[in-house]
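Topology and contacts: notes
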Amino acid sequence: MNRQDRADAVDREMAASLLPDAAVQTLGRWWSENASACADGTPGAHTVRYTPGRWAQITPWPSTLAPTSWGGDAGVSRAEVASAVADALRREAFREALVATYVWGKGKRGSPSGSGPASMHKILAAESLDTALARAVTTLSEHSAEAAYVGLQGLVPGFGPSFYTKFLYFVGKTVVSATGPQPLVLDRVLARRLRSLAQTVGRETGHDPDGSIARWVWRDRNWSPHRYTVYLTFMHAAARQLAAGGSWPSEASPDLLEYALFSTTWQASG
């Protein structure tokens, strides 16, 4: 088999086996520790800290976020970002929706040196941005998360899938994908979790004994649209697996699993 055939074989094995017992146990413990904070079965309360004053040059600025004249730090939750994006979409204020998701995604990381606001400023300066964001929303509603992902791929330097999947994720809280699973966040941390799973499966099945295939497909950035769909399909199925097992809320949304995997330190390959 060539490299792609081996990757497809590992994908099929992962889809069949889903989460191993060690992961199920770790995620069950995570839920027992976080059940009160996520009582509705969603990660809506997941709050990120940011420094509003460092984003003073960014416009349009969502009213849901603390004003940039605010002294010190502030917090914004997933639920609050979802509300801000829903409001922005009603007004076709796509840039405002993007800013809300980007600030939440960036948080305080990079802010002291200005990299977060500076990158956002460059992204907002792209001539094709308005058209691309509007098209992504329409594409999600008329086609799929994968098709919307394609429309944003390679759009602007510095605006990679770790951030535009956040945009798609929050848009998906308002806009239902016409086909396929709803969008979720995919970033380096989550890719590494899936890489660890794929390495274990590849080693056990003989399709990827040295883990090189897993490192290729679940790299740290620039995932293919196909890889994003593999990720979404796996996460939605794994969420159902957990819900059927008794140690996970039966009505939990797939993004609860995304948040849990991001928050845990478990690695399948040890």
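In what follows, the accompanying structure is described. (Residues numbered from 1 in each chain as written. Predicted model: local features only at pLDDT ≥ 70, side-chain atom pairs only at ≥ 80, totals over all residues. Heavy atoms only, no water.)

Here we look at the nonpolar core
Soluble globular proteins tend to bury their nonpolar side chains together. Of all hydrophobic cores here, the largest spans 90 residues; its most connected members are Phe167, Tyr231 and Trp248. Looking at this core, the element that brings in the most residues is helix H11 (residues 225-245), giving 10 residues. When neighbours within four sequence positions are excluded, Tyr231 is seen to be in contact with Leu184, Val185, Leu186, Leu190, Leu194, Trp218 and Glu258. (Core = buried A, V, L, I, M, F, W, Y, C linked by side-chain atoms within 4.5 Å. Buried < 20%, exposed > 50% of the residue type's maximum accessible area, 1.4 Å probe, protein only. Helix = DSSP H or I, 4+ residues; strand = E, 2+ residues; numbered from the N terminus. Contact = heavy atoms within 4.5 Å.)

Concerning the packing of aromatic side chains
Applying the stated criterion across every chain yields a total of 11 aromatic pairs. Ring plane angle 90 degrees and centroid distance 5.5 Å describe the contact between Trp30 and Tyr259, whose orientation is recorded as edge-to-face. Of this pair, Trp30 sits in helix H2 (residues 21-34) while Tyr259 is found in helix H12 (residues 254-263), placing the two residues 229 residues apart along the sequence. Summarising the burial analysis for this pair, Trp30 and Tyr259 share the class buried. Residues Trp104 and Phe170 carry aromatic rings whose centres are separated by 5.2 Å and whose planes lie at 85 degrees to one another, so their mutual orientation is edge-to-face. Here Phe170 lies in helix H8 (residues 161-171) and Trp104 lies in helix H4 (residues 94-106), a separation of 66 residues in the sequence. Here Trp104 matches Phe170 in class, with each residue buried. The structure contains a cluster of three or more aromatic residues connected by ring pairs, namely Tyr149, Phe159, Tyr164, Tyr228 and Tyr231. One Lys or Arg, Lys166, reaches over the ring of Phe163 and ends 4.9 Å from the middle of that ring. Of note, Arg227 hangs over the ring of Trp218, and the distance from its end group to the ring centre comes to 4.8 Å. (Phe/Tyr/Trp six-rings, centres within 6.5 Å; stacked < 30°, edge-to-face > 60°. Lys NZ or Arg CZ within 6 Å of the ring centre and 35° of its normal.)

Some details on the environment of Arg215
Within the secondary structure, Arg215 is located in helix H10 (residues 212-217). Looking at Arg215, the relative accessible area reads 42%, which means it is partly exposed. Considering only alpha carbons, one finds Arg215 and Pro254, 39 residues apart in sequence, at a separation of 24 Å. If we skip the residues at most four places from it in the chain, Arg215 touches Arg195, Gln199 and Asp210.

Observations regarding the packing of H2 against H12
Helix-helix packing is described using two parameters, namely the angle between the two axes and the distance between the axes. It is at 10 Å that the axes of H2 and H12 come closest, and there the two elements cross at 100 degrees. The angle between the axes of H2 and H12 places the two elements in the roughly perpendicular class. Between H2 and H12, the residues in contact are Leu27, Trp30 and Trp31 and Leu256, Leu257, Tyr259, Ala260, Leu261 and Ser263, respectively. (Axes fitted to C-alpha atoms, helices over the stretch in contact; angles between N-to-C directions. Parallel < 35°, antiparallel > 145°, perpendicular 65-115°, else oblique.)

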